[in-house]
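Residues per chain are reported as follows:
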Amino acid sequence: MAETQNLSNEVDVRKAKIEALREMGEIPYKAKYERTCTIKEAREKLGEKVKIAGRVIFKRVMGKFGFMQIRDIDAKIQISVGRNELDEEAYDFYKKMVDIADFVGVEGEVYQTQTGEVTVKAEKVTLLSKTMRPLPEKFHGLTDTETKYRQRYLDIISNEESRKVFLTRSKICSFVRRYLEENGFIEVETPVLQTSVSGASAKPFYTHHNALDIECNLRIATETWLKQCIAAGFDRVFEMGKDFRNEGMDTSHLQEFTQVEWYASYWDFEDNLKFYKDLCISLLKECIGETKVVYQGQEIEFDCDWKRVDYVAEMRKILGFDFLDETNVDDFKKKVVEAGVFSYAELEECKSIRTLIDYIYKRKIRAGIVKPTIIYNYPAILMPLARRNDEDSRIIDAFQVVAGGAEIVKAYSELVDPKVQRENLEEQLEEKNAGDEEAMDVDEDFLLAMEHGMPPISGLGFGIDRFVQFIYDLPNIRDTVLFPLMR
């Protein structure tokens, strides 16, 4: 209660200052300020005069002299403010009217103090924008998780680690775009509103389109649209954007997330694997300065040979039988329980063979992987849009890269046979009718495009949020998103 009262008093004081400024003829919220450089640039200009601007994050006045610090998103700098440089009226204004959290412009010479601190000797301080509320008392970082998410701007102002995460995230997106474009990929934009649930196995969000009076869903992936671009003649395409999956919340899943997908004509999944590995290593070098990541207490090196694990062979070892022959989910569950792998209670939520296989894989194979590992030879039932293996149609030409128990990326050789694709989607529809909310629809527009012909293709999906969470070992994937949805 006392803290709330103190905040209320502080807000009242600042409101009074804003009114006093107006009565003085001052404009409390200036229209602009002409900087000569950023704070980061100013730190390299010893002996030169600069005009810089930023938010006040520290202020100390000692009689006729004092210091403050101002910062922007990239850097902070110390400002010395004294009567030797400012006249009495200007210094008195600074002392009384400039508070922590205000935005100011500072004009003066850059020098170094006896302790080696780069400082600007203020010859003029201009109040640019008066804040009504103070910054959090513990300026070195917010500790309340809900406040961090609801008021992300305070988290970024006060937390160096958060600033680093979001600046790096921006660099990652920029790097991926640049890398793809340098390798012949063209960026396109595809619809978020769809009339068929397709592109991945996930529960969608639904909405109503008033003008057309039709039910729509938000896309769960860009895959089917990007393949239609390949059919149109684009050899290599990509899209970076939002996908939406109306699934449960946990520390590694978001319902609204950012993903880049790319598709290349005439590639198979091995080509995509090599391309992704080169991209991944180059990205880490560029954006964090090294190829080693510390994740959950373990050092994980990416610039090395990545181990390969055969998904189907490993599952057969765990189960003790050939699970690819299973056609009935209840019979499959019975065999899993008899093998002592899981109990019936643990498998209760698995409504289809697909979800049952995925459940076993995630807990018995993926969870134990630490170093970057290529998981390949997936059961065909898991990915109805992927190409069947030429030697065994029950297996698809696909891979995932897993590290630290987390899926980093997924890719496969694409299915371009319209007959097989229709059969796969019709099987998905049966699963949906049986209660599987993650199954896809029969997307007739996509099938029509495939019937007009597609070349050999390999595509890949790369989640930006999860990758950022991984490289910074963040406890919650919402720590990678500027403004996560809150209840």
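Since the model is a prediction, treat every value here as computed from it, not as a measurement.

Focus on the packing of aromatic side chains
Point 1. All told, the structure shown has 20 aromatic pairs when counted by the stated rule.
Point 2. Between F302 and F470 the ring centres are 5.9 Å apart and the planes differ by 85°, which places this aromatic pair in the edge-to-face class. Linking F302 in the loop between β13 (298-301) and β14 (307-310) with F470 in helix α14 (residues 464-471), this pair joins segments that are 168 residues apart in sequence. Residues F302 and F470 agree in their burial class; the two are buried.
Point 3. The interplanar angle of 65° and the centroid separation of 5.1 Å between the aromatic rings of F342 and Y359 together place this pair among those described as edge-to-face. Highlighted residues: F342 in the loop between α10 (329-338) and α11 (353-364) and Y359 in helix α11, separated in sequence by 17 residues. Taken individually, F342 and Y359 each receive the classification buried, so the pair is uniform in this respect.
Point 4. Among the aromatic side chains, those forming a connected cluster through ring pairs are Y276, Y295, F302, W306, F462, F467 and F470.
Point 5. Positioned above the aromatic ring of F321, the side-chain terminus of K335 is 5.4 Å from the ring centre.

Quick word on the sheet that holds strand β18 (residues 457-463)
Point 1. Here we have eight strands laid out as an open sheet, ordered β6-β10-β11-β18-β17-β16-β15-β14, and mixed in their pairing. One side of each edge strand has no neighbouring strand; the edge strands of this open sheet are β6 (186-187) and β14.
Point 2. In terms of strand pairing, β6 meets strand β10 (residues 236-244) through two bridges, oriented parallel. Looking at the pairing, I186 lines up with V237 of β10.
Point 3. Relative to strand β11 (residues 256-265), helix α7 (residues 223-232) is tilted by about 25°, and along the sheet it contacts β10, β11, β17 (406-413) and β18.

Here's the deal with the side chain of K59
Point 1. Examined against the element boundaries, K59 turns out to sit in strand β1 (residues 49-62).
Point 2. Of the buried charged residues, K59 lacks a salt bridge, with D99 as the closest side chain of opposite charge at 5.1 Å.
Point 3. In terms of polar contacts, K59 uses its side chain to reach the backbone carbonyl oxygen of K95, at 3.0 Å.
Point 4. Within the local environment of K59, its side chain forms a polar contact with the backbone oxygen of V98, the two atoms lying 2.5 Å apart.
Point 5. Ignoring any residue separated from it by four or fewer positions in sequence, one finds K59 in contact with F67, M68, Y94, K95, V98 and I100.

Digging into helix α12 (residues 418-433)
Since the α-helix packs 3.6 residues into each turn, any two residues three or four apart lie on the same face.
Point 1. Over its 16 residues, α12 extends 22 Å from the first C-alpha to the last, a length consistent with the 22 Å expected when each residue adds 1.5 Å.
Point 2. Among all positions of α12, only Q421, N424, L425, Q428 and E431 are buried. Projected down its long axis, α12 carries its buried residues within an arc of 105°, all on one side. Along α12, exposed side chains directed more than 90 degrees from the buried face belong to K419, E430 and N433.
Point 3. On the buried face of α12, the contacting elements are α11 and α13 (444-451).
Point 4. Following α12 by one or two positions, G435 adopts a phi angle in the positive range, close to 115°.

A word on the packing of helix α6 (residues 160-182) against α14
Point 1. In the contact formed by α6 and α14, the axes pass within 11 Å of each other and the chain directions differ by 130°. Regarding the angle of α6 to α14, the classification is oblique. Every pair of crossing elements has a handedness; the one defined by α6 and α14 is right-handed. Side by side, α6 and α14 meet where V165, T168, R169, I172 and C173 of the first sit next to I464, D465, F467, V468 and I471 of the second.
Point 2. Within the contact of α6 with α14, the residues separate by chemical class into seven nonpolar, one polar and two charged.

Side note on the sheet that holds strand β3 (residues 76-82)
Point 1. Reading around the circumference, β1-β2-β3-β5-β4 is the order of the five strands in this closed barrel, with mixed pairing throughout. Neighbour-to-neighbour, the strand axes of the sheet open up by a mean angle of 55°, direction not taken into account.
Point 2. By the bridge criterion, 10 bridges tie strand β4 (residues 103-112) to strand β5 (residues 118-129) in an arrangement that is antiparallel. By the bridge assignment, V106 is partnered in β5 with V125.
Point 3. In the packing of helix α3 (residues 88-97) onto the sheet, contacts are made with β1, β2 (65-71), β3 and β5, and the angle to β1 comes to roughly 60°.

Overview of the nonpolar core
Point 1. Grouped together as the largest cluster of nonpolar side chains are 50 residues, with contacts concentrated most on M315, L319, F323, F332, V336 and Y378.
Point 2. At the level of secondary structure, the elements contributing two or more residues to this core comprise α7, α9 (311-319), α10, α11, β15 (373-379), β16 (395-403) and α13.
Point 3. When residues of this core are assigned to their parent elements, the largest contribution, six residues, is made by α11.
Point 4. Dropping the residues within four chain positions of it, F323 is found in contact with V312, M315, R316, F332, I357 and P379.
Point 5. The next biggest cluster of nonpolar side chains, apart from the first, holds 45 residues, and it includes W262, C287, I374 and I464.

Let's talk about the pairing of strand β9 (residues 214-218)
Point 1. With two bridges connecting them, strand β7 (residues 193-194) and β9 associate as antiparallel partners. Looking at β9, one finds that L193 is bridged to L218.
Point 2. Inspection of the sheet shows strand β8 (residues 206-209) paired to β9 by four bridges, in the antiparallel sense. Across the sheet, T207 pairs through a bridge with C216, a residue of β9.
Point 3. Counted along the chain from β8 to the antiparallel partner β9, the turn is four residues long, and its residue D213 has a positive phi close to 55°.

Digging into unusual backbone geometry
Point 1. Backbone geometry places D213, a non-glycine residue, at a positive phi of 55°.
Point 2. Along the chain, the position of D213 falls in the loop between β8 and β9.
Point 3. A positive phi angle, close to 50°, is found at D473, a residue other than glycine.
Point 4. Looking at where D473 falls in the secondary structure, it is placed in the segment after α14.

As for a nonpolar patch on the surface
Point 1. Side chains of Y153, L482 and F483 sit close together on the surface and give an oily, nonpolar patch of about 330 Å² of accessible area.
Point 2. Relative to the helices and strands, Y153 resides in helix α5 (residues 152-158).

Basis of the calculations
Residues numbered from 1 in each chain as written. Predicted model: local features only at pLDDT ≥ 70, side-chain atom pairs only at ≥ 80, totals over all residues. Heavy atoms only, no water. Phe/Tyr/Trp six-rings, centres within 6.5 Å; stacked < 30°, edge-to-face > 60°. Helix = DSSP H or I, 4+ residues; strand = E, 2+ residues; numbered from the N terminus. Buried < 20%, exposed > 50% of the residue type's maximum accessible area, 1.4 Å probe, protein only. Lys NZ or Arg CZ within 6 Å of the ring centre and 35° of its normal. Pairing = 2+ DSSP bridges. Contact = heavy atoms within 4.5 Å. Axes fitted to C-alpha atoms, helices over the stretch in contact; angles between N-to-C directions. Lys, Arg positive; Asp, Glu negative; His and termini not counted. Salt bridge = Lys/Arg side-chain N within 4 Å of Asp/Glu carboxyl O. Polar contact = N/O pair within 3.5 Å; in protein donor to acceptor, adjacent residues only side chain to side chain. Expected span 1.5 Å × (residues − 1). Arc of directions from axis to C-beta. Parallel < 35°, antiparallel > 145°, perpendicular 65-115°, else oblique. Left-handed = near helix turned anticlockwise from the far one by under 90°. Nonpolar A, V, L, I, M, F, W, Y, C, P; charged D, E, K, R; others polar. Core = buried A, V, L, I, M, F, W, Y, C linked by side-chain atoms within 4.5 Å. Patch = residues over 30% accessible without salt bridge, like charges linked within 9 Å, V, L, I, M, F, W, Y side chains within 5 Å. Areas by Shrake-Rupley, 256 points an atom, 1.4 Å probe, with all protein chains shown as cover.

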